[in-house]
Every structure is written in structure tokens, then in C-alpha cells.
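The lines below spell out each chain.
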Amino acid sequence: MIDFKGSHFERDVILWSVRWYVAYPMSYRQLEEMMEERGVEVDHSTLNRWVVKYAPLLENQFRARKRAIGSSWRLDETYVKVKGCWKYLYRAVDKVGATVDFLLTAKRDCKAALRFLRKAIGQHGEPEKITIDKSGANTAAIERYNAEHGADIEIRRIKYLNNIVEQDHRAVKRVTRPMLGFKSFRSAAATLSGIELMHMIRKDQLQTTGKLRPAQQFYALAA
């Protein structure tokens, strides 16, 4: 259970704010106006603190109840602006589009790609094959992982097969665009965890009992 003790606002108000921000393209000031229209006076800086604090906690709860994914992955990276500089968001989906994992990194190199690979495999186990673009860093990371762990992950470089992950980036970019960049790496990583969480819920990747709407699934993670 996520602890909301010490907050001056009710649990439901916090969860509404966090979900709206990570689910829809908006700025904190726009969210502040929305909350005010609903009779809740809360500063945009407080809204930011809520997202940074609670989005990662909700995402951690989701990981414990995430549906299994396929053994054929598509791996790619996209760009996110942090403090005026471009950082790299590594992402992977399986062949039907289910999100495997994601990781924000400062650099785009073999070390960063290997960190992402270890994180994804730690959650889901080793895939049979990974489809990538012509990135030498991604190739080197998979080869290094194979060598270190005695694995036999097949590397494929077939551009049209990787279109599925490139298209999937758009759902994340659509939400981040109005944010006009992040002020810190920590804030970016926390907010992206919430955006990815909501995206995975919409793709029906949360194990639930009964038929729940995406919003209900999100709120249930805090229970």
C-alpha cells in the first residue's frame, strides 16, 4: 500500500492530479486551473512534487502485477529534453506492442544500452531475439550480455519490424510535448515512469480481477 500520510490533501485528490498529468498532454499550470475549477486550490509546484513522489511508487506497484510479455523484443531509443539538453529514453516492446521496459539515460552508448537490457531481463527473463536498428551501441550491448551470461539472444536488424516500437514512442512524446522539457533528470525519470505506466495500463498490461477502466486500474494500484 502507498502511504499518503502527512499530505494536506486527500488521497483521491492526489491520485486524480497524478493520473491526469501523466495521462494527457498538459502543463502543470493547466492542471492547476483544472483543479481550481473543481474547488481544489493547489499550486503547480505542489502538483509537480506529487508526480515526482507518487508516479514511481505507482509504477513499482504495477510491476508486481504486470502481465507476461512475448520473447521477441523490438528495442529502440527516443529523445527527451532535460535542462535544455537531449537525453535518451530506451524503450522496448514485444511483437504485439506490449511494453517490455524503459530507461532514461544521460548518454546513448553501449553502457547505457546494457543497463537497459539488464533491467528489462531482470523483470522478464531473457528474450529469444531482439530486433534493433543499425545502432552499434545496441549491438555491442546485446553481444556483451550474451558473452557475460552465456546467453544466445538473437540480434536482428530488420527496419520494418522495428517500426512497432518507433510508432509506440509517439504515445509518450504526445504527453511530454506540452511539458516543454524537464528541469531535472530525477523529475524527468519520475514523470516518464508515470507516463509509461498509464500507457501500459491502456494496453491492458495490468493483471486485474474483473473489468476495470484504465482510470480505475490506475487508482487501484494505490490500494
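Here, the structure is the one placed above.
Residues numbered from 1 in each chain as written. Predicted model: local features only at pLDDT ≥ 70, side-chain atom pairs only at ≥ 80, totals over all residues. Heavy atoms only, no water.

Peer 1: Explain unusual backbone geometry here, please?
Peer 2: Although it is not a glycine, Lys 83 adopts a positive phi angle of roughly 50 degrees. Tracing the sequence through the fold places Lys 83 in the loop between strand E1 (72-82) and strand E2 (85-94). Positive phi, normally seen in glycine, also occurs at Asp 204, with a value near 60 degrees. In this fold, Asp 204 is placed in the loop between helix H7 (185-202) and helix H8 (214-220). (Helix = DSSP H or I, 4+ residues; strand = E, 2+ residues; numbered from the N terminus.)

Peer 1: Even after reading the chapter, I still don't get the layout of surface pockets, so can you show me in this structure?
Peer 2: In this structure, the largest pocket occupies an estimated 370 Å³ of space. The wall of the largest pocket is formed by 15 residues, among which Tyr 21, Tyr 28, Met 179, Gly 181 and Lys 183 lie closest to the centre. Counting only elements with at least two residues in the lining of the largest pocket, the list comes to helix H2 (28-37), helix H3 (44-63) and H7. Among the residues making up the lining of the largest pocket, the classes are represented as six nonpolar, seven polar and two charged. In terms of lining, the second largest pocket is formed by Tyr 79, Val 80, Lys 81, Trp 86, Lys 173, Thr 176, Arg 177, Leu 180, Gly 181 and Phe 182. No other element matches E1, which puts three residues into the lining of the second largest pocket. Class assignment of the residues belonging to the lining of the second largest pocket gives a composition of five nonpolar, two polar and three charged. (1 Å grid on protein atoms, 1.4 Å probe; cavity = no way out; pocket = protein on both sides within 12 Å on 5 of 7 lines; lining within 4 Å. Points joined across faces, edges and corners; volume = space filled by probe spheres on them. Nonpolar A, V, L, I, M, F, W, Y, C, P; charged D, E, K, R; others polar.)

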